[in-house]
Amino acid sequence: MSLLADERKMRSQHESQVVSAVIQNYRMAGEYLIATSTKIFSPIAKGEVIPWDNIRFLQLSPCGSCFESAYNVTKETYDDWVTSNHQSSLLTPLLISDQLTFISEQQCQELCDNDDYRWSVFYWLTRPGFSVDFSQALIQIYAHCPAGPPQYGSIVYLERMKDLWEVKSYFGLYNQ
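This structure is a prediction, so every number in the text was calculated from the model and none was measured. The residue numbering used here restarts from 1 in each chain and proceeds along that chain's sequence as written. Under the rules for a predicted model, residues below a pLDDT of 70 receive no local features and side-chain atom pairs below 80 are neither given nor counted, while totals for whole chains, interfaces and linings still include all residues. The basis for every side-chain value is the complete set of heavy atoms in the structure, and neither hydrogens nor water enter the calculation.

(A) Fine view of the pattern of salt bridges. Salt bridge, as used here, is a side-chain nitrogen of Lys or Arg placed within 4 Å of a carboxyl oxygen of Asp or Glu. With the rule as written, the count across this model stands at 4 salt bridges. In this structure, glutamate 15 engages arginine 127 in a salt bridge whose closest nitrogen and oxygen atoms are separated by 2.6 Å. Of the two residues, glutamate 15 sits in helix α1 (residues 3-25) while arginine 127 sits in the loop between β5 (122-125) and β6 (129-130), which places them 112 residues apart along the sequence. Only protein chains enter the accessibility calculation, which uses a 1.4 Å probe. A residue is then buried if its area is under 20% of the maximum for its type, exposed if over 50%, and partly exposed in between. Given a relative accessible area of 5%, glutamate 15 falls into the buried group. Here a strand is any run of E in DSSP of at least two residues, a helix any run of H or I of at least four, and the numbering for each starts at the N terminus.

What follows is the structure, encoded as structure tokens:
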């Protein structure tokens, strides 16, 4: 097997683990996930990506009452995340089908317009980006409920400890 094929296999394995960790952390099970990855959030809706220098992933103190420092997320992790999201791709191969209900953008719009689904939560995810050694990952999440909160978007930072991915911090993009 070539080096490129080995890397694709590693990426695929870790992508599904990162997406599953985000689903568990954000308690998304039973909700709706748009089946294709979304574009990276553009703060002023002109297609630009938040610059690396403007993102910080704060670290809580051991007691959890205040922020103590920031995680050292590498620029290579950020660059891989941006590069991995130039085009949309299907998320369905990454997940066990019973975690969420996969829907298209069109189905999402139809459900959001239907009063029977006004309290449902709809999620969008980007594809994750990784550090070269697959010890760090970034992924973006959006949540929308037609009836009101939650309405938010965040870039999520995860670290891999042994074979488990864990959400460590997030950078809020918006919250309504």
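(B) Quick peek at the packing of aromatic side chains. The rule is short: rings of Phe, Tyr and Trp, with Trp giving its six-membered ring, pair when the centres are within 6.5 Å, and they are stacked under 30 degrees, edge-to-face over 60, tilted in between. One pass over the full model with this rule turns up 12 aromatic pairs. Measuring from centroid to centroid gives 5.1 Å for tyrosine 32 and phenylalanine 122, while their planes differ by 20 degrees, and the two rings are stacked. Placement of tyrosine 32 in strand β1 (residues 32-34) and of phenylalanine 122 in strand β5 is noted, with a sequence separation of 90 residues between them. This pair shows no difference in class: tyrosine 32 is buried, exactly as phenylalanine 122 is.

(C) Structural context of the environment of aspartate 79. Within the secondary structure, aspartate 79 is located in helix α2 (residues 75-84). Judged by relative accessible area, aspartate 79 falls into the partly exposed class, the value being 33%. As for aspartate 79 and serine 131, which are separated by 52 residues in sequence, their C-alpha atoms are 9.0 Å apart.

(D) Layout of the nonpolar core. Take the buried Ala, Val, Leu, Ile, Met, Phe, Trp, Tyr and Cys residues and link them wherever side-chain atoms come within 4.5 Å; each set so joined is a nonpolar core. Counting residues in each nonpolar core, the largest one holds 27 residues, and the members touching the most others are Met28, Ile141 and Leu158. Residue assignment for this core shows that the elements contributing at least two residues are α1, β5, β7 (136-145), β8 (148-161) and β9 (164-175). In this analysis, two residues are considered to be in contact whenever any of their non-hydrogen atoms come within 4.5 Å of each other. Ignoring anything within four residues of it in the chain, the contact list for isoleucine 141 reads Val22, Tyr26, Met28, Tyr123, Trp124, Leu125, Tyr152, Gly153, Ser154 and Val156. Core analysis: the next-biggest nonpolar cluster, separate from the first, contains 24 residues, Phe57, Ile103, Cys108 and Cys112 among them.

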